[in-house]
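Breakdown of the fold
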Amino acid sequence: MLPYRAPWWLPGPHLQTVYPALALRPRPPPYRRTRWELHDGDFIDLDWIDGPTDAPLVVLFHGLEGNSGSPYAAALMAAVRERGWRGVVPHFRGCSGSPNRLARAYHSGDADEIGMILERLRGEAPHAIYAAGVSLGGNALLKWLGRESGAATALVSAAAAVCAPIDLVAAGAALRRGFSRFYTREFLRTLKPKTLAKLQRHPGLFDRASMARARTFDEFDNLFTAPVHGYADVLDYWRRASSKPDLVHVAVPTLVINSRNDPFLPARHLPPPAQVSTCVLLEQPAQGGHVGFVSGPFPGHLRWLPERLLAFFQAAPQRDTRRSPGYAVG
C-alpha cells in the first residue's frame, strides 16, 4: 500500500487535523450496543459491527473524548463491515453518552482497562482479535502491549496505534503553545462539565473553584486525572503513563503510525527503530496532522487509514492466540 501523502489542497498540520473533524464526518455504520456491568460497580458500553462468528474481530480504542461516532471510528468500522469482518468500539468510561458511576474516568495510561476489555472480548471472539487505538486509546493500548507482553500474545494477533501521544510530557508542552491551545480549549470544553458533574455525586473529589479556572491540561490533570487514578501529580502521571519506554517490550506485530507534523507531538520526540522491539513497525509520514489523513481530490475522504490498518491486520498470521506464541515482524 502506498505511504500516506496529504492532498495539495490541504496544507499544514492544523488544517489537516481540524478539517476532517469538521467537514468529513462519515455516517457511522449501524451499531448494536451492549453494556457490560463491571465487578467494581461501573459499566462499559460497546458498539458492535456484527458479522460471521468465524470472522476476525477488530477492536478500536478511541481517543480523548471520542466515541464510536468519531470520524476515524466511523470510517474504520464501515471498512470492517464492508470486508465482512466483525468490529467493536468499547467506550471508555463516561464516553458513551451516559456518565459512569464511579469517581474514576479514563486516562492515557490505563493499561489495566485495555487488558480487562480484551480479556473479556476473548470469550466472545474465539478467532483472531486485532486491536487498534487512536490518540489516547493508542497510548493506552501500546502501554498494555509493552507492559503485559505475555498476556498480549495470548489475546491479540496484531495491533496498531495511530497518532498516540507516546511522550505525554512533550505532548502536554506542545498543547500549551500557539494554535495548539485551541485543541486544549476544545477538549476542556467537554471534560470540565463532565468532571464537575462527578463532584455532585462524589463530594470532595477536587476543588470546584480550581477546576472552573483550569485552562491547560497541566491544571486539569493535576486536579483530577492524576489524583483520582493513583498518580502523585501531573508530572508523575505523564511520565508513568507514557508508552514510549514500553515499545521495546512489545511482542505482538504492531503498526505505530505517527505523522511528523502532528501538532499534539513534535516529531523530535518520536522513536527511531532502535528504540522499539522488532515486533513494532514504525510509519512516520511527513504529513497527516493529528488523526487526519485526508486523501483524494476536494472535498476528500478518510479511506487511507482504515485501508492501511486492515491491510496490516490481514497480513498478520492467522492464528489462535490462545495457544500460539508471539510472532515478530520487522
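Residues numbered from 1 in each chain as written. Predicted model: local features only at pLDDT ≥ 70, side-chain atom pairs only at ≥ 80, totals over all residues. Heavy atoms only, no water.

**Digging into the overall build of the chain**
Regarding its fold elements, the chain presents 11 helices and 8 strands. By the compact-globule yardstick of 20 Å for 330 residues, the chain fits well, its C-alpha radius of gyration being 19 Å. C-alpha atoms of the chain, sized along the principal axes, occupy 55 × 50 × 40 Å. Partitioning the intrachain contacts of the chain with sequence separation of at least 6 by distance along the chain shows that 77% fall at a separation of at least 24. Within the structure as shown, the chain displays about 13800 Å² of accessible surface, and the carbon and sulfur contribution to it stands at 55%. Seen as two clouds, the 38 positive and the 28 negative side-chain charges of the chain have centres 4 Å apart. (Helix = DSSP H or I, 4+ residues; strand = E, 2+ residues; numbered from the N terminus. Rg over C-alpha atoms; globule rule 2.2 N^0.38 Å. Contact = heavy atoms within 4.5 Å. Areas by Shrake-Rupley, 256 points an atom, 1.4 Å probe, with all protein chains shown as cover. Lys, Arg positive; Asp, Glu negative; His and termini not counted. Charge placed at Lys NZ, Arg CZ, Asp CG, Glu CD.)

**Quick word on the pairing of strand β5 (residues 129–134)**
Most of β5 sits inside the fold, with 6 of its 6 residues counted as buried. Burial along β5 is two-sided: the face carrying Ile129, Ala131 and Gly133 and the face carrying Tyr130, Ala132 and Val134 are both buried. Looking at chain direction, β5 and strand β6 (residues 158–162) are connected through 5 bridges and run parallel. When the sheet's bridge partners are listed, Gly133 is paired in β6 with Ala161. (Buried < 20%, exposed > 50% of the residue type's maximum accessible area, 1.4 Å probe, protein only. Pairing = 2+ DSSP bridges.)

**A look at the pairing of strand β4 (residues 86–90)**
Successive residues of a regular strand alternate their side chains across the two faces of the sheet. With 5 of 5 residues buried, β4 is to be regarded as a mostly interior element. Inspection of the sheet shows strand β2 (residues 43–49) paired to β4 by 4 bridges, in the antiparallel sense. Along β4, the bridge assignment pairs Leu46 with Pro90. The pairing of strand β3 (residues 57–61) with β4 spans 3 bridges and is parallel. Among the inter-strand pairings, Leu57 is bridged to a residue of β4, identified as Arg86. For the crossover that starts at β3, traverses helix α2 (residues 71–83) and ends in the parallel β4, the hand is right-handed. (Right-handed = clockwise from strand over helix to strand, strands pointing away.)

**Details of the packing of helix α3 (residues 111–122) against helix α4 (residues 136–147)**
The contact between α3 and α4 brings their axes to 8 Å, and the two run at 80°. For the element pair α3 / α4, the angle class is roughly perpendicular. Facing α3, whose interface residues are Ala111, Asp112, Ile114, Gly115 and Leu118, α4 presents Ala140, Leu141, Lys143, Trp144 and Arg147. Tallied by class, the residues present in the contact of α3 with α4 amount to 6 nonpolar, 1 polar and 3 charged. (Axes fitted to C-alpha atoms, helices over the stretch in contact; angles between N-to-C directions. Parallel < 35°, antiparallel > 145°, perpendicular 65-115°, else oblique. Nonpolar A, V, L, I, M, F, W, Y, C, P; charged D, E, K, R; others polar.)

**What about the sheet that holds β6?**
Reading across the sheet, the 8 strands line up as β1-β2-β4-β3-β5-β6-β7-β8 and stay open at both edges, with mixed pairing between neighbours. Both edges of this open sheet fall to β1 (32–37) and β8 (280–283), since each of them pairs with a single strand only. Between one strand axis and the next, the sheet turns through 20° on average, direction left out of account. Note that strand β7 (residues 254–257) and β8 share 4 bridges and pair parallel. Among the inter-strand pairings, Leu255 is bridged to a residue of β8, identified as Leu281. Across the sheet, α4 is in contact with β3, β5, β6 and β7; its angle to β5 comes to roughly 130°.

**A word on the side chain of Thr184**
For Thr184, the position within the fold is in helix α7 (residues 181–201). Given a relative accessible area of 3%, Thr184 falls into the buried group. Residues within four places of Thr184 in sequence aside, it is in contact with Leu175, Arg215, Thr216 and Phe217.

**Quick word on the environment of Ala79**
Here Ala79 shows up in helix α2. Sequence-wise, Ala79 and Pro90 are 11 residues apart; in three dimensions their C-alpha atoms are separated by 17 Å. If sequence neighbours within four positions are ignored, Ala79 has contacts with Pro306 and Leu310.

**Examining the confidence of the model for the chain**
Averaged over the chain, the pLDDT score is 94; the fraction of residues at 70 or greater is 96%. Across residues 320–330, where pLDDT falls below 50, the model places 30 contacts with residues more than four positions away in sequence or in other chains. (pLDDT = per-residue confidence, 0-100.)

**Let's talk about the nonpolar core**
Phe61, Leu118, Leu121, Trp144, Leu145 and Val156 are the most contacted members of the largest nonpolar core, which totals 68 residues. Excluding residues that lie within four positions of it along the chain, Leu118 makes contacts with Val59, Phe61, Ile129, Ala131, Trp144, Leu155 and Val156. Ala6, Val134, Ala160 and Cys163 belong to the second-largest nonpolar core, a separate cluster that totals 31 residues. (Core = buried A, V, L, I, M, F, W, Y, C linked by side-chain atoms within 4.5 Å.)

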